[in-house]
Amino acid sequence: MRADRLVAALLLLQSRGRVTAAELAAELEISVATARRDLESLSAAGIPVYPQAGRGGGWSLVGGARTDLSGLNAAESRALFLLLGPASAATPELTSALRKLVRALPATFRADAEAAAHAVVSDPAGWGEADRERSVPHESLQTAVVRRLKVRLAYSGQERLVDPLGLVDKDGIWYLIAGTPAGRRTFRVDRVTEAVVTDLPAERPEDFDLAAEWSDIVARMEQRRSLVTADVLIDARFLPVLRTHFGRHLEVVTEEPGERVRARVAAHMPRAIAEQLAGWGAMVEVVEPESVRAELARIGQELTARYATR
């Protein structure tokens, strides 16, 4: 778009002080004639840009004029580029935006900003997991949320007309929160097979708060994932490892004699708790309920029957 080129041309003038039409053309990958027209347009728009003929000439900002489009201080620019750097390779648009932001910074900040942009690498795969790329929400969904337009979704074999309210990235998986005739629903974006933005205005409650809505959704989901609890005894030094298995679904109840602790773990069913504890063997003792103890006994009997020496 021409507006993008004009901004890029102005930022280039700001960073270099003087530039020729040929240099601008090479930088923006346009013709020299187009670059010259863009520079003339900046001048015609009242921006203090003027040409200087002859050897060492080119286009300059009058009196070294500056147009600081960022307004960031040094600490803010470093923080911004540390955050944006790992994401900049995701799309050409982000790469272009990052380049423009660098040019918009005062010269004294640029080196640190560029270093910050390459100082962090984000690896979304956990240890032992296969490599996975972070998913990116459909561009059409982003457009619909920002412009507040209804979307026709193809999801789980059904077509729905929804009011998009917001997008959420949870551990590399994107979700769409949307209003439907049956109330608000959450859709996994990677299960959306088609998303068509309509011209119909979406309905969005005036008091809608995306962060608060997502917090409620997480709370409800985690409640469904923790319908069954079990009290266990474990050596205190192994408690941090057990916590990595159950996460927020583990709480310490009491400290017991012999440097053991009584902890309460939770899952959606007794079998799920037993399956997570079975590999611990005698290192974890389930005190209650009997349903989890019975599931562990069943698993033990199956393993004995399969692997016991005859």
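In the block above lies the structure referred to throughout.
Residues numbered from 1 in each chain as written. Predicted model: local features only at pLDDT ≥ 70, side-chain atom pairs only at ≥ 80, totals over all residues. Heavy atoms only, no water.

Draft legend 1. Geometry of the sheet that holds strand 2 (residues 49-52). Taken together, three strands build an open sheet; the order of strands is 1-3-2 and the sheet is antiparallel. Only two strands of the sheet have a single neighbouring strand rather than two, namely strand 1 (18-19) and strand 2. The pairing of strand 2 with strand 3 (residues 58-61) spans four bridges and is classified as antiparallel. Bridge pairing links Val49 to Leu61 in strand 3. (Pairing = 2+ DSSP bridges. Helix = DSSP H or I, 4+ residues; strand = E, 2+ residues; numbered from the N terminus.)

Draft legend 2. Here's a closer look at the nonpolar core. In this structure, Val232, Ile234, Leu242, Leu250, Val265, Ile273 and Leu277 are the most contacted members of the largest nonpolar core, which totals 19 residues. Mapped onto this core, the elements with two or more residues apiece are strand 9 (228-235), helix 9 (239-246), strand 11 (260-267), helix 10 (270-277) and strand 12 (284-288). Apart from the residues lying within four places of it in its own chain, the contact partners of Ile273 are Val228, Thr229, Ala230, Phe246, Val265, Ala266, Ala267 and Val292. Of all hydrophobic cores here, the second largest spans 17 residues; its members include Ala21, Leu28, Val49 and Trp59. (Core = buried A, V, L, I, M, F, W, Y, C linked by side-chain atoms within 4.5 Å. Buried < 20%, exposed > 50% of the residue type's maximum accessible area, 1.4 Å probe, protein only. Contact = heavy atoms within 4.5 Å.)

Draft legend 3. Region of the structure containing the sheet that holds strand 5 (residues 158-170). Strand order in the open sheet formed by five strands is 7-6-5-4-8, with antiparallel pairing between adjacent strands. Looking at which strands have only one partner, the edges of the open sheet turn out to be strand 7 (183-188) and strand 8 (192-201). Between one strand and the next, the sheet's axes are offset by a mean angle of 45°, whatever the strand orientation. When strand 6 (residues 173-180) meets strand 7, the two strands line up antiparallel, connected through six bridges. When the sheet's bridge partners are listed, Thr180 is paired in strand 7 with Gly183. Across the sheet, helix 7 (residues 139-147) touches strand 4 (149-155), strand 5, strand 6 and strand 8, and the angle it forms with strand 5 is around 85°. (Axes fitted to C-alpha atoms, helices over the stretch in contact; angles between N-to-C directions.)

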